[in-house]
Structures are given as C-alpha cells and as structure tokens.
Amino acid sequence: MKAADWIVDFLISRSVTDAFGLPGAVILDLLYAMDRRKPELTPHLSYHEQGAAFAACGYAQATGKLGVAYATRGPGMTNMLTAIADAYYDSIPVMFFTAHNSREKMPEMRVENNQEIDTVAIVSNVTKYAARIDEASELQREIQKAYAAATTGRKGPVFLDIASSVLRQEISVNATHVQEKSPPSDIGMIADDVAAKVREAARPMILIGNGVRQSEAVLTVRELAEKAGIPVLSSRAAHDVLPGSPMYYGFIGSHGTRYGNFILSKADLILALGNRMAFPQDSKSFRPVVEKAATIRVDIDGSEFLRKIPGSICYKADLQMLLPELLKKDLFYSNKVHWIEVCETLKQSLNQWDKTPIIAALMHIVRAAEKENVFVCDVGNHSFWVTNACVYSNAQNRVLYSNSFGTLGSALPKALGAYYGTGRPVICFSGDQGFQMNIQEVQAISQCRLPVTIVVINNFASAMIREREEKQYPYFVHTTKKSGYEVPDLQALASAYRLEYRCVEDLGKFLDEDFAIGMNPCLVDLRADGAEALCPNLPQGRICQNLAPSIPEELYQRLENLR
C-alpha cells in the first residue's frame, strides 16, 4: 500500500469524511489518494489556503470530529498559519498536512531550496504536536501520535510536513495503537469535595465554558444543573451548550447579558467547569466577585490554573469522567427555591432591556432557522449582536466563533466546513469588513450551490475599531468612509458570484416581512445604523452588574438589594 493511501485509510477509520485544500506539486499524491476514495473521504477545493484551513476548523467545530486541511510547501503552508493559531487558541482538533521535497535547510543559509522553509519551527508554538517526516518508517507512528494529541485531553491542532517521496512509497501496514483514557484515582474524592461545597452554599452557580463541549459532557452538565437546581451561566463561546434549559441564565462578560452578570455578582459559590475564567487579574469589574465567592475550578488542562483566582480550589479532571460521579452525590442546598426565584426575577426584569433594532432584526433571522441549522459568526460588533439575538431567542442552534484568537474573516470559510460536516443549511453572519477578508471562498459556495446564507451586517464602517479610535484619538483613520474605509457594492458582488441577493434597509419593516432560509446560496445585505454603539457594555472600573447604558436607578437598586 502506498503511504498516501494509508493516510487516507487512517483518516476514514477515524470518521473523517471531508478535507479541504489547494493542489500543489508536493501534495498531489495525498490529494489523488483522497480523490480515489470519494465519497468516503472527499477533498474540497478552496480558493486560498487560509480558507481551506478555516474550513477544516469549521468542520471540526460543527461535528466534533477531526478536521483535515492540506497545502503545498512554502507560501501554501504559511497561508494556513492564522487558522492553525485559531484552532490552537480555541482547542479545535484539526490535522494540517503539507509536504516537502528536499532535505532540511542548513541553519547557516537563509535560502537553500526555493519555497522550502522550517515549517515545524514556525508552527511549534501554536500546535499540540508537529513533526517533519522524512522516512516512510516514521509515517505511521507519527500520524498516530498526532491524532492522539489532536483528539485527547485538551484538543487542538497538529501539523505534519511529509516528504513527497514518502507519500509515493510502498509501506507495510502496522496495527494502529489506540490511546485509551484511564480514570484518575481521585475522581471520587473531587466529586465528594464539590458536592460538599454545593451543600454548604446558599447561592451556588455553575459557570460553563467551551471545555464542557470539548469533554463531550453537554448532556451530563445539563442533567447535573437540573437535578440539583443550580443556575448556569456561560462564557459567550458556550452560550449554545445548554439552550432551552430552565437552569440557563445567559452569558457573562463585558458585553454579557445584564441578568447573567447580575446573577454572577450574587453567587456565593462559583463552580467553573471547562471555563478559563480569563478576566484580567486586576479587573475591578470581576475580581470583587471571586473575592467574595468561593470558587471551584475544574479543567482538563492544568496550565489554566497558572491564571490565579483568589481563594480558588483547582482540580485537573476530565468532565466526562467527573460529572457522572458528581451526579451520584447529594447536591441539596437549603436555599434552592429562593435562589432560583432571585435568578428568575433578575431575568424577567432585564430580559427586554438591550433588544436594539439590529438585535431585533437578527432575532428575526435566527427564529426563521431550523434548530439543525449551524450558525457561523465572524469577529466584530455584529458578533455580540448575534450572540444576544441567539440568547434572547432561546435558539437551539450550534454557533461557531473565533473566540480567543478573534480572527476577522474566519466565518465564511468555516461555513463551508460546517456545511460539509453536517449536511445542513448554514447561516454565516459577517460584518462588511470581515466578509471581504476571505471573499474568494464565495466562489466555492457558488460553484457547488451550497445552502449557505451569508448575512452581512453592513454599517459601512470598521465600527469596533472606530469606537476605540473615538475614545482615544481626536479623529478617525481607516474606519469610516471619510477616513479611508469603504464597502463595495454588495449587490454587484452577489451578481458576480451568482448569489441570490436581498437588501434590508428598514429594520423595523423587516420584522413584519417573511424570512426563509433557502437551499440556494444567498447574500443578505442587512443595513445597520453606522453610529450604533456596541451595547450593553461594561465601562472600565464599573462592577460587573452595572452595564451601560445604565438602567433606571430605582430598578437597579431594587435588583441590587435582592438577596
């Protein structure tokens, strides 16, 4: 068996169905090996290596399976780098392939062979595992090691740079080694400790992060919260983990739901599950919360505990193993009925406060979707509006973001991967600036007639940075039309790419119109008020529940005094 064919067999045996990339001379043997195995594993043409790499990220995020992207050497590989970093920051399991056809460069020489570059050195700080493979005897072992690294523990990207000559060689197939998890001996002790702290609390709450999904613990954390009657808050990235649960009370943060931040401020026990608690350590907004509340942190990655939280108890554990043990424990706390009443009062009092016209318009789109549809969101003010629209609509949809790395332009190619991974129509929310950064991938959507609806929240400005400029400088640079930023004719672009086009200029009127998610690629030009600021927001120095714009003082004090 040729080495390239063995790689494809390996990927298929791990349930990989799709891969993304561009042809290049050194990688052709792997591409053709994939092409021979369609439809078991189908390679999809992207129009930029960054787009291919982001498509693999979207595939992995939407399915939970390993994503796969490939690129040629040199600039093909470096074009993938931003998406590799995005996968690393957001713990996305993706295997990135490239190839080479010369020996390693002598370190004394700047350029020894054109296009050849020290790939492993470049990616080593943003991958869980990276290796250069020069001998066929190394191939199977290295790919097995890379797969285990990508898919176990805290998941993440891996990178393999394979000699093109190796891809063509005949190899003998060795039995693959499957790394199995063995439960740590102290899981029972951790569960006992957590249960005891819950029983002692008067106002416990669970704070979930994306680690809950990474550990495939979504159902068990839901069961835990509802069985114990413990309110759940989330990071913005995890707002779609428990939609519809009566115990879910929104996401927290500087642009979080008002009632979520209020509930956080009143908790006397925070059980953080797979949540990094990544607020600045000197934050005047969130540090007072953890200084007065007991905090238990559970994470599969012990390095997260280097971020010190005052008085916190830290446990390194896999939630998939811990939560079933915790469900066996007595989790009764005596103040449960009253605490839930307080949370409900906060939610009902503040639920309508921040539904601005643009959020209402996005809610109209969100509610038109089927719960199986995947949402993909780019970076910018609009991403917070989309999050709020989903939470206020109680949307059941999976929402993909670029969370920690915050990569502008990632949504459109991720939408491709999300579609191929799920087979369901996708709604891609992007700002007018982010839409242009990987616009070439519209061609991939168009030529394959994929059911991707691209909603461009178009405020004719680089609004998030413009707000920063407005606070710090006396004039704008490259963020408004007058200062050098301009949006192309989106209707003309839709025509060029053979997309259906719909322009929404009157947001109020739009709420009375039908909106349907179609099966043909479509571009929705959703015109937003260019002057609309991102809200709610938490001005620097304010306590976490005192978001701006401020609510009436009488209402604030009444809610503040709830105990």
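All residue numbers here refer to positions counted from 1 along the written sequence of the relevant chain. Only residues with pLDDT of at least 70 get local features here, since the model is predicted, and only at 80 or more are side-chain atom pairs given and counted; chain-wide, interface and lining totals rely on the full set of residues. As a rule here, side-chain values come from all non-hydrogen atoms in the structure, and water together with hydrogens is ignored.

(A) Fine view of the overall build of the protein. Segments assigned H or I by DSSP are reported as helices when at least four residues long, segments assigned E as strands when at least two residues long, and all are numbered from the N terminus. A tally of regular secondary structure across the protein gives 24 helices and 18 strands. Computed over its C-alpha atoms, the radius of gyration of the protein comes to 25 Å, within 12% of the 24 Å expected for a compact globule of 563 residues. Based on the C-alpha atoms only, the size of the protein along its principal axes is roughly 75 × 60 × 45 Å. Of all intrachain contacts in the protein linking residues separated by at least 6 positions in sequence, the fraction that spans at least 24 positions is 77%. For the area figures, the Shrake-Rupley method with a 1.4 Å probe applies, and any residue is considered shielded solely by the protein chains shown. Element-wise, carbon and sulfur atoms account for 50% of the exposed surface of the protein, whose accessible area totals about 23,100 Å². Only C-alpha atoms enter the radius of gyration; for comparison, a globular chain is expected to reach 2.2 Å times N to the power 0.38, where N is the number of residues. Residues are treated as being in contact if the distance between any of their heavy atoms lies within 4.5 Å.

(B) Expanded view of the pairing of strand β1 (residues 18-21). Burial of the side chains of β1 extends over both faces: Asp-18 and Phe-20 are buried on one face and Ala-19 and Gly-21 on the other. Here a strand pair is declared whenever DSSP counts at least two bridges between the two strands. With four bridges connecting them, β1 and strand β2 (residues 42-45) associate as parallel partners. Bridge pairing in β2 links Asp-18 to Thr-42. Since β1 and β2 lie parallel, the crossover through helix α2 (residues 28-35) that links them has a hand, and here it is right-handed. As paired elements, β1 and strand β3 (residues 67-70) share two bridges and run parallel to each other. Among the inter-strand pairings, Gly-21 is bridged to a residue of β3, identified as Tyr-70. Using a 1.4 Å probe on the protein chains alone, a residue whose accessible area is under 20% of its type maximum counts as buried, one over 50% counts as exposed, and one in between counts as partly exposed. Whether a crossover is right-handed comes down to one check: with the strands pointing away from the viewer, does the path from the first strand over the helix to the second run clockwise; if it does, it is right-handed.

(C) Quick look at the side chain of Thr-152. Mapping Thr-152 onto the fold places it in the loop between α7 (136-151) and β6 (158-163). Under the relative-accessibility criterion, Thr-152 is labelled buried at 19%. What qualifies as a polar contact is a pair of N or O atoms within 3.5 Å, subject to a donor-acceptor requirement within protein and to the restriction that residues adjacent in sequence count only when both atoms come from side chains. Only 2.5 Å separates the side chain of Thr-152 from the backbone oxygen of Ala-148, close enough to count as a polar contact.

(D) Broad picture of the sheet that holds strand β18 (residues 522-527). One open sheet accounts for six strands, arranged β14-β13-β15-β16-β18-β17; its pairing is parallel. Bordering the open sheet on either side are β14 (399-400) and β17 (500-504), each of which pairs with just one other strand. As paired elements, β17 and β18 share five bridges and run parallel to each other. Considered in β18, the bridge of Arg-502 is made with Val-524.

(E) The arrangement of the sheet that holds strand β12 (residues 312-316) in detail. Pairing in this open sheet of six strands is parallel, and the strands run β9-β8-β7-β10-β11-β12 from one edge to the other. Taken across any chain shown, the strands that pair with only one partner, and hence form the sheet edges, are β9 (248-251) and β12. Ignoring which end each strand starts from, the neighbouring axes of this sheet average 20 degrees apart. Here two bridges tie strand β8 (residues 232-234) to β9, and the two strands are oriented parallel to one another. Opposite Ser-234, over in β9, you have Phe-251 as the bridge partner. Here helix α12 (residues 258-266) sits on the sheet in contact with β7 (204-208), β8, β9 and β10 (269-273), set at roughly 105 degrees to β9. As a rule, the C-alpha atoms of each element are fitted with a line to give its axis, helices using only the stretch in contact, and angles between N-to-C directions run from 0 to 180 degrees.

(F) Inspection of the pattern of salt bridges at higher detail. In the sections that follow, a salt bridge refers to a side-chain nitrogen of Lys or Arg positioned within 4 Å of a carboxyl oxygen of Asp or Glu. The final tally for this structure, using the stated rule, is 25 salt bridges. Among the salt bridges present, the one from Asp-134 reaches Arg-132, with a minimum N-O distance of 3.0 Å. On the accessibility criterion, Asp-134 (30% relative accessible area) is partly exposed. Connected via shared salt-bridge partners are Arg-154, Arg-276, Asp-301, Glu-304 and Arg-307.

(G) Fine view of helix α18 (residues 411-422). A helix's residues, less one, multiplied by 1.5 Å, set its expected span. Along its 12 residues, α18 runs 16 Å from first to last C-alpha, staying within 8% of the 16 Å computed at 1.5 Å per residue. Of all 12 residues in α18, 10 are buried; the element is thus mostly enclosed. If you check which residues of α18 are buried, you get Ala-411, Leu-412, Pro-413, Lys-414, Ala-415, Leu-416, Gly-417, Ala-418, Tyr-419 and Tyr-420. Positive phi shows up at Gly-423, right after α18, with a value of about 70 degrees.

(H) Fine view of the nonpolar core. Judged by nonpolar contacts, the single largest core of 103 residues is most densely connected at Phe-429 and Leu-526. The contact partners of Phe-429, leaving out residues within four places of it in the chain, are Leu-362, Ile-365, Val-366, Phe-375, Val-376, Cys-377, Asp-378, His-382, Val-386, Ala-411, Val-455 and Ile-457. Side-chain atoms within 4.5 Å are what join buried Ala, Val, Leu, Ile, Met, Phe, Trp, Tyr and Cys residues into a set we call a nonpolar core. Residues Ile-84, Val-374, Tyr-419 and Ile-454 belong to the second largest nonpolar core, which totals 52 residues.

(I) Fine view of the pairing of β6. For β6, a buried count of six out of six residues is recorded, marking the element as mostly surrounded by other parts of the structure. Relative to β6, strand β4 (residues 94-100) is paired through six bridges, and the arrangement is parallel. Bridged to Met-95 within β6 is Val-158. As defined by bridge partners, strand β5 (residues 129-133) adjoins β6 across five bridges and the pair is classed as parallel. Bridged to Arg-132 within β6 is Asp-161. At this point the chain moves from β5, through α7, to the parallel β6, and the crossover so formed is right-handed.

(J) Summary view of the environment of Thr-72. In this structure, Thr-72 sits in the loop between β3 and α4 (75-79). Judged by relative accessible area, Thr-72 falls into the buried class, the value being 15%. For the pair Thr-72 and Ala-25, spaced 47 residues apart in the sequence, the C-alpha separation amounts to 6.9 Å. When near neighbours in sequence (up to four residues on either side) are disregarded, Thr-72 contacts Gly-24, Ala-25, Val-26, Ile-27, Met-77 and Thr-98.

(K) The packing of helix α3 (residues 49-63) against helix α5 (residues 81-89), seen in detail. Where α3 meets α5, the axes come as close as 8 Å, and the angle between the chain directions of the two elements is 20 degrees. As summarised for this structure, α3 and α5 are arranged roughly parallel, according to the angle between their axes. The two elements α3 and α5 meet at a crossing, and its hand is right-handed. Of the residues in α5, those touching α3 at Gln-50, Ala-53, Phe-54 and Cys-57 are Thr-82, Ala-83, Asp-86 and Ala-87. Looking at side-chain class alone, the contact of α3 with α5 contains five nonpolar, two polar and one charged residues. Roughly parallel here means an angle under 35 degrees, roughly antiparallel means over 145, roughly perpendicular means 65 to 115, and every remaining angle is called oblique. Each crossing gets its handedness from the near helix: less than a right angle anticlockwise from the far helix is left-handed, clockwise is right-handed. Charged means Asp, Glu, Lys or Arg here, nonpolar means Ala, Val, Leu, Ile, Met, Phe, Trp, Tyr, Cys or Pro, and polar covers whatever is left, Gly included.

(L) Main features of a nonpolar patch on the surface. On the surface, Tyr-88, Tyr-89 and Phe-405 cluster together to form a nonpolar patch covering roughly 280 Å² of accessible area. Structurally, Phe-405 can be placed in the loop between β14 and α18. Taking the relative accessible area as the measure of exposure, Phe-405 reaches 33% and is therefore partly exposed. Each patch is built from salt-bridge-free residues with over 30% relative accessible area, joining like charges within 9 Å and nonpolar side chains (Val, Leu, Ile, Met, Phe, Trp, Tyr) within 5 Å.

(M) The arrangement of the packing of aromatic side chains in detail. Stacked, tilted and edge-to-face pairs are distinguished by plane angle, under 30 degrees for stacked and over 60 for edge-to-face with tilted covering the rest, among Phe, Tyr and Trp rings (Trp via its six-membered ring) whose centres lie within 6.5 Å. All chains considered together, the criterion is met by 11 aromatic pairs. Taken together, Phe-20, Tyr-59, Tyr-419 and Tyr-420 form an aromatic cluster joined through their ring pairs. Residue placement shows Arg-236 over the ring face of Phe-384; its charged tip is 4.2 Å from the ring centre. Definition used: whenever NZ (Lys) or CZ (Arg) falls within 6 Å of the ring centre and also within 35 degrees of the ring normal, the charge is taken to sit over that ring. Between Arg-236 and the ring centre of Tyr-401, over which it is positioned, the NZ or CZ distance is 4.8 Å.

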